[in-house]
Amino acid sequence: MKSLLLLTASGPLLILTSHESLHDQKLLEVLRHKGIGKFVAFEVPLSLARARYGGHFQAVESNLQETDDLRVLDFDGQRIFQLFRFDELGAPNLTEQS
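Thresholds, definitions, all that
Residues numbered from 1 in each chain as written. Predicted model: local features only at pLDDT ≥ 70, side-chain atom pairs only at ≥ 80, totals over all residues. Heavy atoms only, no water. 1 Å grid on protein atoms, 1.4 Å probe; cavity = no way out; pocket = protein on both sides within 12 Å on 5 of 7 lines; lining within 4 Å. Points joined across faces, edges and corners; volume = space filled by probe spheres on them. Nonpolar A, V, L, I, M, F, W, Y, C, P; charged D, E, K, R; others polar. Phe/Tyr/Trp six-rings, centres within 6.5 Å; stacked < 30°, edge-to-face > 60°. Pairing = 2+ DSSP bridges. Helix = DSSP H or I, 4+ residues; strand = E, 2+ residues; numbered from the N terminus. Axes fitted to C-alpha atoms, helices over the stretch in contact; angles between N-to-C directions. Contact = heavy atoms within 4.5 Å.

(A) Spatial organisation of empty space enclosed by the protein. For the coordinates displayed, the defined rule picks out 1 cavity of 30 Å³ or more. What the largest cavity holds in volume is close to 30 Å³. Residue classes in the lining of the largest cavity are distributed as 6 nonpolar, no polar and 1 charged.

What follows is the structure, encoded as C-alpha cells:
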C-alpha cells in the first residue's frame, strides 16, 4: 500500500492506494478517469500518514482492499499542508497524461 500526496489543478489530495507504484498504468488510468491527468505527486510514508490521521487513517485503510484502486484520505489542502512538511515527503514526481 502507498500513501500519495497529489497536487492537482483542483487542489491537493492525499490518497491511499493498493498499487505498488505511481507509475502503475492501472492507477494512472483510474486517476485519468477521475479527471486527474496532470499532477505533482509525493510519496508520504505510511507510518507518518497513520500517525497524523489516527483513527481516520484506520477507517480508510480498513476499506482498502488489494483489489481496490484507491481511497481518498484527505482533500482539504489547508489541513494536508499543515500536517506535512515537504522535507518529510518523497521526491516530487511530475505526471502529465494526454
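There's plenty left to go through after this.
(B) Fine view of the packing of aromatic side chains. This model, assessed by the stated rule, comprises 3 aromatic pairs. With centroids separated by 5.9 Å and ring planes inclined at 85°, the aromatic side chains of phenylalanine 81 and phenylalanine 86 adopt a geometry described as edge-to-face. Among the aromatic residues, ring-to-ring pairing joins Phe42, Phe81 and Phe86 into one connected group.

(C) Local environment of the sheet that holds strand 3 (residues 38–44). Read across the sheet, 5 strands follow the order 4-2-1-3-5 without closing on themselves; strand pairing throughout is antiparallel. Of all strands in the sheet, those with a lone pairing partner are strand 4 (70–74) and strand 5 (93–96), marking the two edges. Direction aside, neighbouring strands of the sheet carry axes that sit 35° apart on average. Relative to strand 2 (residues 11–17), strand 1 (residues 2–8) is paired through 7 bridges, and the arrangement is antiparallel. Note that in strand 2 the partner of lysine 2 across the bridge is threonine 17. On top of the sheet, helix 3 (residues 55–62) reaches strand 2 and strand 4; it is set at about 170° to strand 4, its chief contact.

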